[in-house]
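Given next are the chains, with one letter for each unit.
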Amino acid sequence: MAEHKTKLLIIGSGPAGYTAAIYGARAGLEPLLVSGPQPGGQLTLTTDVENFPGFPQAVNGTELTDLMRQQAENVKARLVTDIITDVDFSSRPFICRGDSGDTYIADSVIIATGASARWLGLESEDKFRGFGVSACATCDGFFYRGRNVAVIGGGNTAVDEALYLTNFAASVTLIHRRDSLRADKAMQQKVQNNPKVHILWDSVVTSFNGSNQPPALTGLTVKNVKTDQESELKVDGAFIAIGHHPNTELFKGKLDMTPEGYIITRPGTSKTSVEGVFAAGDVQDSTYRQAVVAAGSGCIAALDAEKFLTA
Ligand code: FAD
Ligand code: NAP
């Protein structure tokens with residue numbers, strides 16, 4: 001059980017964490033980054049990333065985060081494989097404990113633990129994730145030009161995603177488990193008036209179907225929850241939009257958060273309610289949730305931490 005002392009502890013190894021590590025290291029802060037349960041973060045769940053600048057031919061999500069990791073290592077950020085399980089922000093230096101039993105003693109902390117999309121939890125969903133099943137229309141919608149797609153969910157995100165997808169897809173089927181949408185009235189009207197969108201009410205997906213080698217989605221089995229009748233829907237893509245949850249369980253009661261659990265940062269900064277603790281990326285962003293935005297906010301957090309440490 002080791003004790004690690006650092007001027008800057010970064011929790012999380014997605015685009016926000018790695019960018020904070022690169023900036024922190026180049027500022028001479030010798031940051032220590034704890035990579036967490038998903039090294040590389042959410043981008044490792046996707047195949048092609050076409051909207052991260054600098055990669056004109058698209059880049060595989062895992063490859064992209066691996067390049068970020070290499071860049072952080074090249075500028076001498078210290079990377080540790082561990083999961084932070086407890087934090088004490090009540091006095092400085094801050095004390096964080098890892099699943100390994102190690103203790104991290106830090107003059108400042110950047111939280112970059114990201115968010116996780118909620119999934120339906122079907123085995124077949126796992127099989128086609130990244131091969132037709134996605135949780136991000138902004139990221140993957142472009143691949144479905146002229147194709148038929150489905151969106152699962154009935155909230156604002158689902159409606160937003162369905163409307164966004166009409167820019168590319170030939171048809172969008174919105175599958176919702178009830179007979180009325182949770183989305184705002186104005187959004188409901190927009191989606192119901194869009195000729196490309198068809199809504200399947202009272203319906204749940206019971207299976208994602210397709211070919212195996214390589215995996216490719218070709219359709220869904222959908223069950224009407226009122227009649228129990230199952231039907232097949234032919235689609236090339238399915239977007240799960242049943243909500244996200246920020247990975248902030250660990251910080252509950254220790255930092256100010258929104259009712260949904262996102263860490264609150266002071267507008268235009270990465271500063272949280274505790275001086276010396278900063279937050280970057282999806283963990284404090286319920287709106288944009290894009291890799292380039294997370295990377296940008298990782299940069300902001302490192303600059304804020306540097307200013308704090310040298311004040
Ligand atoms: P994340 O990437 O979520 O990383 C969080 C990190 O925190 C992980 O490394 C995890 O291990 C770590 N962590 C969590 N808990 C702990 C803990 N207790 N201790 C230590 N570490 C911890 N965006 C785009 O711009 N373009 C795309 O094409 C794109 N495609 C996507 C496809 C999918 C399927 C998904 C789910 C998302 C996609 N996104 C895309 C969104 C993008 O991945 C996120 O916006 C971005 O990864 C957020 O970065 P982040 O660093 O804030 O957090
Ligand atoms: P949300 O409001 O919680 O909606 C989630 C939707 O998914 C609900 O319709 C829910 O059904 C459905 N759902 C949940 N679990 C499911 C399951 N296991 N199977 C099938 N369906 C399931 O989440 P969100 O849409 O991501 O929105 C989150 C927050 O961000 C909200 O406050 C929202 O207003 C906000 N937001 C705003 C905008 C905007 O203003 N343009 C855009 C996006 C998000 P039920 O309705 O039956 O519960």
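Refer to the structure printed above.
My aim in this report is to walk through the structure given alongside it, one point at a time. Here the structure is a predicted model, which is why all the values come from computation and not from measurement.

What follows covers the sheet that holds strand β16 (residues 230-234). Through backbone hydrogen bonds, the strands of a sheet pair up, either in parallel or in antiparallel fashion. Within the open sheet, the three strands sit side by side as β14-β15-β16. Their pairing is antiparallel. Two strands close off the open sheet at either side, each with one partner strand: β14 (203-211) and β16. On average, each strand axis in the sheet is inclined to that of its neighbour by 30 degrees, with strand direction left out of account. As defined by bridge partners, β14 adjoins strand β15 (residues 216-224) across eight bridges and the pair is classed as antiparallel. In the sheet register, Val-204 faces β15, and the bridge partner there is Lys-223.

With that out of the way, let us pick up the environment of Asp-202. Here Asp-202 is to be found in the loop between β13 (197-200) and β14. On a C-alpha basis, the gap between Asp-202 and Ile-111 in space is 39 Å, while along the polypeptide they are 91 residues apart. With sequence-adjacent residues up to four places away left out, Asp-202 is seen in contact with His-176, Arg-177, Arg-178, Asp-179, Lys-223, Asn-224, Val-225 and Lys-226. Within the structure, the side chain of Asp-202 is placed 3.2 Å from the backbone nitrogen of Asp-179, a separation counted as a polar contact.

Residue placement: Ser-134 occurs in strand β10 (residues 133-134). Reaching out from Ser-134, the side chain makes a polar contact with the side chain of Asp-140 at a distance of 2.7 Å. Not counting chain neighbours up to four residues away, the residues in contact with Ser-134 comprise Trp-119, Asp-140, Ala-238, Phe-239 and Ile-240.

Here we come to the packing of helix α1 (residues 15-26) against helix α2 (residues 61-74). Contact geometry for α1 and α2: axes closest at 9 Å, N-to-C directions at 20 degrees. With respect to α2, the axis of α1 lies roughly parallel. Considering the relative orientation of α1 and α2, their crossing is left-handed. Where α1 abuts α2, its residues Pro-15, Tyr-18, Ala-21 and Ile-22 lie against Thr-65, Met-68, Arg-69, Gln-71 and Ala-72. Residues of the contact of α1 with α2, tallied by class, amount to six nonpolar, two polar and one charged.

Definitions and cut-offs
Residues numbered from 1 in each chain as written. Chains lettered and ligands numbered in written order. Predicted model: local features only at pLDDT ≥ 70, side-chain atom pairs only at ≥ 80, totals over all residues. Heavy atoms only, no water. Pairing = 2+ DSSP bridges. Helix = DSSP H or I, 4+ residues; strand = E, 2+ residues; numbered from the N terminus. Axes fitted to C-alpha atoms, helices over the stretch in contact; angles between N-to-C directions. Contact = heavy atoms within 4.5 Å. Polar contact = N/O pair within 3.5 Å; in protein donor to acceptor, adjacent residues only side chain to side chain. Parallel < 35°, antiparallel > 145°, perpendicular 65-115°, else oblique. Left-handed = near helix turned anticlockwise from the far one by under 90°. Nonpolar A, V, L, I, M, F, W, Y, C, P; charged D, E, K, R; others polar.

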